[in-house]
Amino acid sequence: MVCSTGEATPTSGVYKIPARWEWLRLQGYVWGHYSTQIKGNILFHSVPYLRKGELDSLEYWEYDKLGTAASAGCVRLTVQDAKWIYDNCKNGTKVEFYSSSNPGPLGKPLAKKISSYEDYLRNWDPTDPNSNNPWKNYKGPQKIDTNTTKKPETNNNPTNNNDKKDDTNKNEITSGGSTIKKPTNTTTTDKTTNKNEVSNPTNTAGGTTSKNEISKPTNNTGAITSKNEIINTITQKTELSTNKNTVAK
């Protein structure tokens, strides 16, 4: 029979069963079903129930511990095994404890793990012979989905940001996740706003205009001189005239 024991469980000695109870209140305000006394507070009994007589109040999280050290000292059993002792081992039956790593010729038995099932199932001991036990009609599996939180989806084929186009603004590119404006072309085009204007403004300080500056000077009235006259204006300080109407060639 698979069981759970604890620190206070005897590891040697022979004892005689003195008493039994179908339901017995245990330490921690829980109840043992089919409790058979071994000595003092050491008993055979089921995995604890939260409420006396309510077969659907099993501490299912403790049931999953069968086969490990989990009790204070009693020998916890499945309901089926606790009932067998309760029904078949009369008062005075000898109980011998011994400690050995040898599980015996039948090996160490296992118990069903029930914590992952729905409440209407796991609140009952699967081995309970009661006719109302829902495990009897179990077609399963009907387990609880413990993965209630959806994991964020990950992109296994990320796009290279350096190759990403931005159709909204062709003057913007993306690099490393940041948006960068393409630099504006600051080179002056050959096309001028006025086909008659081909030059940079005349240097009014009197210096010679650069060789790239070819201008059509205007007269004082603002009229453009003859189309055929292309003048390189060389204004020297010594040749400045007081007459504003004089234009030096």
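What you see is a predicted model, and the numbers here were worked out from it, not measured in a lab.

Caption draft 1: Looking closely at the overall build of the chain. Helices and strands together make up the secondary structure of the chain, namely 3 helices and 8 strands. Put simply, the chain runs from its N terminus to its C terminus through helices and strands in the order β-β-β-β-α-β-α-β-α-β-β. Residues counted as buried form 28% of the 249 residues belonging to the chain. Contacts in the chain between residues at least 24 apart in sequence constitute 57% of all its contacts with a sequence separation of at least 6. A total of about 18,400 Å² of accessible surface is found on the chain, and carbon and sulfur atoms cover 48% of it.

Caption draft 2: Main features of the pattern of salt bridges. As enumerated under the stated definition, the model contains 5 salt bridges in all. Here Arg122 makes a salt bridge to Asp119, at a shortest N to O gap of 2.7 Å. Of the two residues, Arg122 and Asp119 both sit in helix α3 (residues 119–122), 3 residues apart, roughly one turn of that helix. Connected through salt bridges with shared partners, the residues Glu62, Lys65 and Arg76 form a single ionic network.

Caption draft 3: Highlighting the side chain of Asp81. Note on placement: Asp81 falls in helix α2 (residues 79–88). Buried charge Asp81 goes without a salt bridge, the closest partner of opposite sign being Lys83 at 11 Å. If sequence neighbours within four positions are ignored, Asp81 has contacts with Met1 and Val2.

Caption draft 4: Expanded view of the sheet that holds strand β5 (residues 75–77). Judged by pairing direction, the sheet is mixed, and its 4 strands sit side by side in the order β2-β3-β4-β5 without closing on themselves. The sheet is open, and its two edges are formed by β2 (20–26) and β5, each paired on a single side. Taken pair by pair, the neighbouring strands of this sheet meet at an average axis angle of 40°, ignoring direction. Bridge analysis of strand β3 (residues 30–39) against strand β4 (residues 42–46) gives 3 bridges, and the strand direction is antiparallel. Each residue of the ladder has a partner; that of Gln37, found in β4, is Leu43. Here α2 sits on the sheet in contact with β2, β3, β4 and β5, set at roughly 45° to β3.

Caption draft 5: Summary view of the side chain of Ser46. Secondary-structure assignment places Ser46 in strand β4. Of the polar contacts made by the side chain of Ser46, one reaches the backbone nitrogen of His33; its length is 2.9 Å. For Ser46, the contacting residues outside a window of four places in its chain are Gly32, His33, Arg76, Leu77, Val79 and Ala82.

Caption draft 6: Highlighting the nonpolar core. Counting residues in hydrophobic clusters, the biggest one holds 29 residues, and the most contacted among them are Ile38 and Phe44. Put simply, the parts of the chain that give this core at least two residues each are β3, β4, α1 (60–63), β5, α2 and β6 (94–97). In this structure, Leu24, Leu26, Leu43 and Cys74 belong to the second largest nonpolar core, which totals 5 residues.

Caption draft 7: The arrangement of the environment of Lys52 in detail. Tracing the chain through its elements places Lys52 in the loop between β4 and α1. Considering only alpha carbons, one finds Lys52 and Arg25, 27 residues apart in sequence, at a separation of 7.9 Å. Setting aside residues no more than four positions away along its own chain, Lys52 makes contact with Trp23 and Trp31.

Caption draft 8: Fine view of the packing of aromatic side chains. Taken as a whole and judged by the stated rule, the model has 7 aromatic pairs. Taking the centre distance of 5.8 Å and the plane angle of 80° together, the rings of Tyr117 and Tyr138 count as edge-to-face. With Tyr117 in the loop between β6 and α3 and Tyr138 in the loop between α3 and β7 (172–175), this pair connects stretches of sequence that are 21 residues apart. Of the residues examined, Tyr117 reaches a relative accessible area of 6% and is grouped as buried. Connected via pairs of aromatic rings, a cluster forms that spans Tyr117, Trp135 and Tyr138.

Caption draft 9: Seen up close, the confidence of the model for the chain. Looking at the chain, the pLDDT average stands at 73 and 57% of residues meet or exceed 70. Every residue in residues 148–249 scores below 50 in pLDDT, and together they form 47 contacts with partners more than four places removed in sequence or on other chains.

Rules behind the numbers
Residues numbered from 1 in each chain as written. Predicted model: local features only at pLDDT ≥ 70, side-chain atom pairs only at ≥ 80, totals over all residues. Heavy atoms only, no water. Helix = DSSP H or I, 4+ residues; strand = E, 2+ residues; numbered from the N terminus. Buried < 20%, exposed > 50% of the residue type's maximum accessible area, 1.4 Å probe, protein only. Contact = heavy atoms within 4.5 Å. Areas by Shrake-Rupley, 256 points an atom, 1.4 Å probe, with all protein chains shown as cover. Salt bridge = Lys/Arg side-chain N within 4 Å of Asp/Glu carboxyl O. Lys, Arg positive; Asp, Glu negative; His and termini not counted. Pairing = 2+ DSSP bridges. Axes fitted to C-alpha atoms, helices over the stretch in contact; angles between N-to-C directions. Polar contact = N/O pair within 3.5 Å; in protein donor to acceptor, adjacent residues only side chain to side chain. Core = buried A, V, L, I, M, F, W, Y, C linked by side-chain atoms within 4.5 Å. Phe/Tyr/Trp six-rings, centres within 6.5 Å; stacked < 30°, edge-to-face > 60°. pLDDT = per-residue confidence, 0-100.

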